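Overview (structure and organization)
Chain by chain, the residues run as shown.
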Amino acid sequence: MTSAVSASPGSGSEPPGSDPSGSAPLASAPAPSVGTESVVTGDARTGDAPLLDALQHQVAVFARRAEQTRLGGVGQVRNSMDRAAYLLLNRLDLEGPMGVKALAAGMGIDSSTVTRQVAPLVDTGLVKRTSHPEDGRAVVLELSVRGLNRLEEVRSSRRELMSQVTDGWTEEERESFCTLLTRFNSALSARQSGPAPAEPAANRASADEPAGTEPSPAS
C-alpha cells in the first residue's frame, strides 16, 4: 500500500529532492524518452532513477533522525538504553540463553564486539553468565529478571513513541510499513554478510578498454 511509505504533510519528512541540512537540492535524473530503450546503470534503469534518488534521500534522512532522537521512547525512560544494549537484551529475550558466538552470528557482528557490549550489561546485573544446560563447561549469556523488567520498560516507552509517530495511520498502513522495513533490513543484512555484488557488464567492458582510449559508443 503506497500510503504506508509516503510522507504525509506535517510529518517532518522532507520532500524528495530537498535537503534539510541546507545543501543544494538533489538533482533528479530525466525520464527516458518514449520509444527509446532504457539505459542500464548498474541494476537501476534510467526511468527508476528519480524514485531511487527519493528513496536513498529518505533513508539518509531517516538514519540522521534516528541518530538524533535515538528513537529512545518517551517519558522518563526516553534514551535510557543505547541501541546496542537494547538489541542484545531483546535477542536474549526472544531466543533464550546462548553463547557469545551464537549471539554474534545472530546479530551479524563479531564475537569481540558482543563481548565488549555485553560486559556492562553483566556488570549492572541485566545479563548473567550461566553454565550451558547440556555442557557444563560452556558458558551462556542469559537475561536476568532485572534485565527482563528493564527491557519491558524500554519496550513500552518505545512502543508509545511508535504509536505517536504513526498516529493517524491505519493498521494496514502500519503492517505494510513494518513488512517493507523488515524486508529492507533483511536485504541490507544479506548484502553485508554475503559476497560482493557482481560488477555490471558495462563497467567491466569499460575497464577492459586500454588506458587513454574512449569507450566505443553504444549501438
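Residues numbered from 1 in each chain as written. Predicted model: local features only at pLDDT ≥ 70, side-chain atom pairs only at ≥ 80, totals over all residues. Heavy atoms only, no water.

**Some details on the packing of helix α3 (residues 100–107) against helix α4 (residues 111–123)**
Quick note on the threshold: Geometry is summarised by axes, namely lines fitted to C-alpha atoms with helices restricted to the contacting stretch, and by angles between N-to-C directions that run from 0 to 180 degrees. Here a helix means four or more residues in a row that DSSP labels H or I, a strand means two or more in a row labelled E, and each is numbered from the N terminus. An angle counts as roughly parallel when it lies under 35 degrees, as roughly antiparallel when it exceeds 145, as roughly perpendicular when it falls between 65 and 115, and as oblique in every other case. Two residues form a contact once any of their heavy atoms are found within 4.5 Å.
Where α3 meets α4, the closest approach of the two axes is 8 Å, and the angle between their N-to-C directions is 105 degrees. Judged by the inter-axis angle, α3 sits roughly perpendicular to α4. Seen from α3, the contacting residues are Val100, Lys101, Leu103 and Ala104; seen from α4, they are Ser111, Val114 and Thr115.

**Focus on the packing of helix α2 (residues 83–95) against α4**
Keep this limit in mind: Under the convention adopted here, Pro, Cys and the residues Ala, Val, Leu, Ile, Met, Phe, Trp and Tyr are nonpolar, Asp, Glu, Lys and Arg are charged, and Gly plus all remaining residues are polar.
Between α2 and α4, the shortest axis-to-axis distance is 10 Å and the interhelical angle comes to 90 degrees. Taken together, the axis directions place α2 and α4 in an arrangement best described as roughly perpendicular. In this structure, α2 contributes Ala84, Ala85, Leu88 and Leu89 to the contact, and α4 contributes Val114, Gln117, Val118 and Leu121. Partitioned by chemical class, the residues of the contact of α2 with α4 number seven nonpolar, one polar and no charged.

**A short note on the environment of lysine 101**
Using the following cut-off: For each residue, the accessible area found with a 1.4 Å probe, counting protein chains only, is set against the maximum for its type, and the residue is called buried under 20%, exposed over 50%, and partly exposed in between.
Topologically, lysine 101 is positioned in helix α3. Lysine 101 gets classed as exposed once you look at its relative accessible area, which sits at 69%. Through-space distance from the C-alpha of lysine 101 to that of valine 140 is 9.7 Å; in sequence the pair is 39 residues apart.

**Re helix α5 (residues 145–165)**
We apply this condition: One less than the residue count of a helix, multiplied by 1.5 Å, gives the span that helix is expected to have.
Over its 21 residues, α5 extends 30 Å from the first C-alpha to the last, a length consistent with the 30 Å expected when each residue adds 1.5 Å. Among all positions of α5, only Gly147, Leu151, Val154, Arg155, Ser157, Arg158 and Leu161 are buried. Here the buried face of α5 lies against α2 and β4 (139–143).

**Here we look at the nonpolar core**
One recurring pattern in soluble globular proteins: nonpolar side chains tend to sit buried together. We count it as follows: What makes a nonpolar core is a set of buried Ala, Val, Leu, Ile, Met, Phe, Trp, Tyr and Cys residues whose side-chain atoms join them at distances within 4.5 Å.
In terms of nonpolar packing, the biggest core is built from 19 residues, with Leu89, Leu92, Leu103, Leu121 and Val127 touching the most fellow members. At the level of secondary structure, the elements contributing two or more residues to this core comprise α2, α3, α4, β4 and α5. In terms of residue count, α2 provides more of this core than any other element does, five residues in total. Apart from the residues lying within four places of it in its own chain, the contact partners of leucine 89 are Met81, Leu121, Leu126, Val127, Leu143 and Leu151.

**A short note on the pattern of salt bridges**
The condition that has to hold: Here a salt bridge means any side-chain nitrogen of Lys or Arg lying within 4 Å of a carboxyl oxygen belonging to Asp or Glu.
Taken as a whole and judged by the stated rule, the model has five salt bridges. With its nearest N and O atoms 2.7 Å apart, the salt bridge here joins aspartate 93 to arginine 155. Of this pair, aspartate 93 sits in helix α2 while arginine 155 sits in helix α5, and the two are 62 residues apart along the sequence. For arginine 155, a relative accessible area of 15% translates into the label buried. With a shortest N-O distance of 3.2 Å, glutamate 153 and arginine 150 are connected by a salt bridge. One end of the pair, glutamate 153, and the other, arginine 150, are both in helix α5, three residues apart, so they sit about a helical turn from each other. With relative accessibility at 44%, the residue glutamate 153 sits in the partly exposed group. Of the residues examined, arginine 150 reaches a relative accessible area of 23% and is grouped as partly exposed.

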